[in-house]
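Remarks on the overall topology
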Amino acid sequence: AQRVTQPEKLLSVFKGAPVELKCNYSYSGSPELFWYVQYSRQRLQLLLRHISRESIKGFTADLNKGETSFHLKKPFAQEEDSAMYYCALYYSGGGADGLTFGKGTHLIIQP
Amino acid sequence: ETGVTQSPTHLIKTRGQQVTLRCSSQSGHNTVSWYQQALGQGPQFIFQYYREEENGRGNFPPRFSGLQFPNYSSELNVNALELDDSALYLCASSLPGGMNTEAFFGQGTRLTVV
């Protein structure tokens, strides 16, 4: 079965410091990975997806199939980046077709 | 264009009761997915509906069932509620296309089973 692991429940960094949120996955098929973000009192929303190879709000994520990782990075953290971040894997087959989420990492940017 | 709306926002039920949660999808979206998010956990996929048919199901028992209506709105029904069913229930709508489409989430319904 597919699995997404986010090893850090909480990550606190100072404003201007680099940020890396870790995500590892296990999946027998070809992985399609996403990062979702939830700001305080807002709904869960898509941040970026690996197939787009895009940078959103300064965040990037590279799929490393050898290490089965999809870490989220930003070179210089900003206070507005404080939020809950979820890594998610899209899977298909076996009667199911949906997203598997990790448990999330709470990112706190200190001033 | 309106976003995904869920009702009610909160409710409390007694163990053994039945509950119905509702979701209105974003305008033009014909695919609706439901997720359960327990405290401190990520969302867990329950099932997905496309054109009024169940289109995939996660590891949830049959007492979790759903419906999708011609206007693409959806219901999640849970029978014989258990204490462990206490969670935030999220609805997400999207266009068909699986991994290539973005899922738009509602604010969720907080269910407490006592």
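You'll find the structure just up there.
The sections below set out a description of the structure shown in this document. None of the values given here were measured: they were computed from a predicted structure.

1. A word on the packing of aromatic side chains
- Applying the stated criterion to the full structure yields 11 aromatic pairs over all chains.
- Aromatic side chains A:Tyr36 and B:Phe105 sit 5.7 Å apart centroid to centroid with 85° between the ring planes, which places their arrangement in the edge-to-face category. In this pair, A:Tyr36 is assigned in strand S5 (residues 32-38) and B:Phe105 in strand S10 (residues 104-105), connecting two distinct chains. In this pair, the class of A:Tyr36 matches that of B:Phe105, namely buried.
- Measuring from centroid to centroid gives 6.3 Å for A:Tyr86 and A:Phe101, while their planes differ by 85°, and the two rings are edge-to-face. With a gap of 15 residues between them, A:Tyr86 in strand S9 (residues 83-93) and A:Phe101 in strand S10 (residues 96-101) connect regions that are remote in the sequence.

2. Some points on the interface of chain B and chain A
- Contact with chain B, which involves 22 residues of that partner, is made by 21 residues of chain A.
- Between chain B and chain A the total buried area reaches about 1,800 Å² when both faces are included, carbon and sulfur atoms providing 50% of it.
- Summed over the shared surface of chain B and chain A, the result is one salt bridge.
- One can count four residue pairs in polar contact (both at pLDDT 80 or more) joining chain B with chain A.
- For the side of chain B that touches chain A, the elements supplying multiple residues, two or more each, are strand S4 (31-37), strand S5 (44-50) and strand S6 (53-57) of chain B.
- Top element by residues in the side of chain B that touches chain A is S6(B). It accounts for three residues.

3. A short note on the state of the cysteines
- A full pass over the atoms with the stated rule returns two disulfides over all chains.
- Here A:Cys23 engages in a disulfide with A:Cys87; their sulfurs sit 2.0 Å apart. In this structure, the disulfide formed by A:Cys23 and A:Cys87 twists by about -65° around the S-S bond and is classed as left-handed. Taken as a pair, A:Cys23 in the loop between strand S3 (19-21) and strand S4 (24-26) and A:Cys87 in strand S9 lie far apart in primary sequence, 64 residues in all. Residues A:Cys23 and A:Cys87 agree in their burial class; the two are buried.
- The residue that forms a disulfide with B:Cys23 is B:Cys91, at a sulfur-sulfur distance of 1.8 Å. Every disulfide takes its handedness from the sign of the S-S torsion; for B:Cys23 and B:Cys91 that torsion is -60°, giving left-handed. Remark: B:Cys91 occurs in strand S9 (residues 87-94) and B:Cys23 occurs in strand S3 (residues 19-24); sequence separation between them is 68 residues.
- With a relative accessible area of 2%, B:Cys23 lands in the buried category.

How each quantity is defined
- Residues numbered from 1 in each chain as written.
- Chains lettered and ligands numbered in written order.
- Predicted model: local features only at pLDDT ≥ 70, side-chain atom pairs only at ≥ 80, totals over all residues.
- Heavy atoms only, no water.
- Phe/Tyr/Trp six-rings, centres within 6.5 Å; stacked < 30°, edge-to-face > 60°.
- Helix = DSSP H or I, 4+ residues; strand = E, 2+ residues; numbered from the N terminus.
- Buried < 20%, exposed > 50% of the residue type's maximum accessible area, 1.4 Å probe, protein only.
- Contact = heavy atoms within 4.5 Å.
- Buried area = accessible area lost by both parts, 1.4 Å probe.
- Salt bridge = Lys/Arg side-chain N within 4 Å of Asp/Glu carboxyl O.
- Polar contact = N/O pair within 3.5 Å; in protein donor to acceptor, adjacent residues only side chain to side chain.
- Disulfide = S-S within 2.5 Å.

Remember that the coordinates give geometry; whether it matters functionally is a separate question.
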